[in-house]
Amino acid sequence: MLITETGGGGGGGGGGGGVGMEGVTVDGRNGKPPLQTQQSTVWSRRQQAVCVRHAFKHYGSSKHPNHVLSNLSMTVAKGTIYGLLGASGCGKTTLLSCIVGRRRLNTGEIYVLGGKPGTKGSGVPGKRVGYMPQEIALNGEFSIRETMMYFGWIFGMETSEIQDRLEFLLNFLDLPSQNRLVKNLSGGQQRRVSFAVALMHDPELLILDEPTVGVDPLLRQSILVELLLVFCDSLCKLGVQDYYRTIEDSIEAVKVGKAWAAIYFGPDFSEELAARMLLGRFADEGTLNRSDIILWQDLSSELLNMNLHVFYPPPDSAIAAVETGDAWGAIYFTDNFTDALVARMALGRAADNETLDQSEMRVWLDMSNQQIGLMLNRDLQVAYRDFAQQLLTACDNNPKLADIPIQFKEPIYGSNDPSFTNFVAPGVILTIVFFLAVALTSSALIIERMEGLLDRSWVAGVTPVEILFSHVITQFVVMCGQTALVLIFMILVFGVECKGDIFLVIILTILQGLCGMCFGFVISAICELERNAIQLALGSFYPTLLLSGVIWPVEGMPVMLRYISACLPLTLATTSLRSMLTRGWFITEPDVYLGFISTIIWIVLFLSISMIVLKVKRG
Ligand SMILES: Nc1ncnc2c1ncn2[C@@H]1O[C@H](COP(=O)(O)OP(=O)(O)OP(=O)(O)O)[C@@H](O)[C@H]1O
């Protein structure tokens, strides 16, 4: 068992000396006293619970390094409680994170339970260690029971086994109902749940990073007592299976070869040992004696030593009306407009310039809204054509003379009266689904990282692939719900036409959602803080919206921008969805399948980047 406590923090920490108890002060520089070093052979290093040799660790660049560990060596023997004492910021947490395989030393060696942390087969990170980080490192939305189930399953425990252990720990650590949510527990209760998680799988090495930080002296004492009970309990599991009533009987059992060791705890052992730890060097002789574990060992075999393990964001007024926004357009007819128009039609090519000028109506439009402006423009031309046709008919002329000499046949795709809604709908659907999914996942890993939960999972042996896929699977359900809502609203409520295969439309939309989720994971893996993730997600929204052909057709962009556009995750998918919705094309058309292919490529790319970033950060 390895425990850290900040020195001068009001009496915490391990007092020196005593059976199975060691206290050590960490670091080097900044005027803090260095650790004592110990010599040992490779074989003996592997026999220890923890063995650190010539450890050097700095943060920052090699030009301006912040040295935290400087030539530190320490040994924690199996079967001992080891207290790591040091001033705040001297490097205790750094050392522990190297021991549990979360960080690497710059130089030096670390052996944990016989292997090097992070190497194959070492079991560290993994279930051989129980780790209680300095932060609570628990998911507040889980109940105590769900928390234990979550970590129990990670450690490969059976549900029944977890339930038994849960009941024991609830009782042992005096925890409230297992159905209480972690976020509703008091600070001290949350710490004890965190402690229970570290003890859950009965690990060989228990690593506690300031288990009593932020708790009142009474709770501090009770946590220490609990620690000691765990320690005693683990000792008893190791070799002493028979219980003898008196010391003499126990010793006799060793003498006659019935037991390998006799362990004796005094009558007030737990309280005395807690007092010894709280008082440190001020503990009196009596407390020291009464808190000693008295051990008679048969050292005739190395076996007993080998098996000892311990457990963690206008013209006038008409034009004025447009200017003030009270009208979308102003139309002015000259005083003799009708006569001039009749003369224009009757005179034909003989019409003079004044007749031509007086026969024109003048229009001032507010074109700030392209859709309303273009619609008024089109409606005015249609109104003129209808009026001219009636006039020509009345004058016994062929009304077709009023038409412009172009025949628009029935369109192959779409209608003669295209709606802007049908043009933007595919892009809008995909943009909404994509960015809702980004919002869903862009902070997932950050929250876990900030709460310390991610660190705890790494130490428990969970891999980046497992972390990522667990998020993909759980968030996928929510994303499917969001996708269904968007499609139902767009098609059933806003009447967006769907001429293609609805099944393919749904698949492509879900794939885009998945793509958005994976992009969110990239953001969440890269960013350390939630606000950076929000800025990156929002920052990527506008360029994507403008360059993906969602609002402005890609064909209308400068050539350079078209290339950039083709490289965005939404562009080919939007073209594909538009082809399916308005043209009714099937997946055999390149415009359609390219959208699917590009989306899948983006998903794989985003997942790979997230995984690589997670792996690099974990290392
Ligand atoms: N990720 C990091 N990047 C850069 N510097 C860091 C990082 N983590 C820790 N440090 C620095 O390393 C030093 C040691 O930090 P560490 O958390 O190991 O200390 P500690 O002894 O556990 O402190 P405390 O008792 O206050 O928890 C501190 O100066 C800290 O600012």
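First things first, this report covers the structure right here in the doc. Here the structure is a predicted model, which is why all the values come from computation and not from measurement.

Read across the open sheet, the three strands follow the order 4-3-6; overall the sheet is antiparallel. If you trace the sheet from one side to the other, it starts and ends with strand 4 (66-76) and strand 6 (107-112), each paired once. The mean inter-strand angle of the sheet, taken between neighbouring strand axes irrespective of direction, is 25 degrees. Of the strands in this sheet, strand 3 (50-59), strand 4 and strand 6 are in contact with helix 2 (residues 92-99), which crosses strand 3 at around 120 degrees.

A few words now on the pairing of strand 7 (residues 129-132). Neither face of strand 7 is open: one carries V129 and Y131, the other G130 and M132, and all of them are buried. Note that strand 7 and strand 8 (residues 205-209) share four bridges and pair parallel. Residue pairing for strand 8: Y131 is matched across the bridge by I207.

Moving on, we get to a negative patch on the surface. There is a patch of like negative charges on the surface, built from E158, E161, D164 and E167. By secondary structure assignment, the location of E167 is in helix 4 (residues 159-172).

In this fold, D174 is placed in the loop between helix 4 and helix 5 (187-199). Other than its neighbours up to four places away in sequence, D174 contacts L169 and R192.

Okay, the site of the ligand next. Around the ligand there are 15 residues in total, and S88, G89, K92, T93 and T94 lie nearest to it. Within the backbone of C90, an N or O atom sits 3.3 Å from an oxygen atom of the ligand. T94 has a polar side-chain atom sitting 2.5 Å from an oxygen atom of the ligand. In isolation the ligand exposes 640 Å². Once the protein is present, 63% of that is buried. Of all the secondary-structure elements, those providing two or more residues to the shell around the ligand are strand 4 and helix 2.

How each quantity is defined
- Residues numbered from 1 in each chain as written.
- Predicted model: local features only at pLDDT ≥ 70, side-chain atom pairs only at ≥ 80, totals over all residues.
- Heavy atoms only, no water.
- Pairing = 2+ DSSP bridges.
- Helix = DSSP H or I, 4+ residues; strand = E, 2+ residues; numbered from the N terminus.
- Axes fitted to C-alpha atoms, helices over the stretch in contact; angles between N-to-C directions.
- Contact = heavy atoms within 4.5 Å.
- Buried < 20%, exposed > 50% of the residue type's maximum accessible area, 1.4 Å probe, protein only.
- Patch = residues over 30% accessible without salt bridge, like charges linked within 9 Å, V, L, I, M, F, W, Y side chains within 5 Å.
- Areas by Shrake-Rupley, 256 points an atom, 1.4 Å probe, with all protein chains shown as cover.
- Salt bridge = Lys/Arg side-chain N within 4 Å of Asp/Glu carboxyl O.
- Lys, Arg positive; Asp, Glu negative; His and termini not counted.
- Charge placed at Lys NZ, Arg CZ, Asp CG, Glu CD.
- Near = heavy atom within 4 Å.
- Polar contact = N/O pair within 3.5 Å; in protein donor to acceptor, adjacent residues only side chain to side chain.

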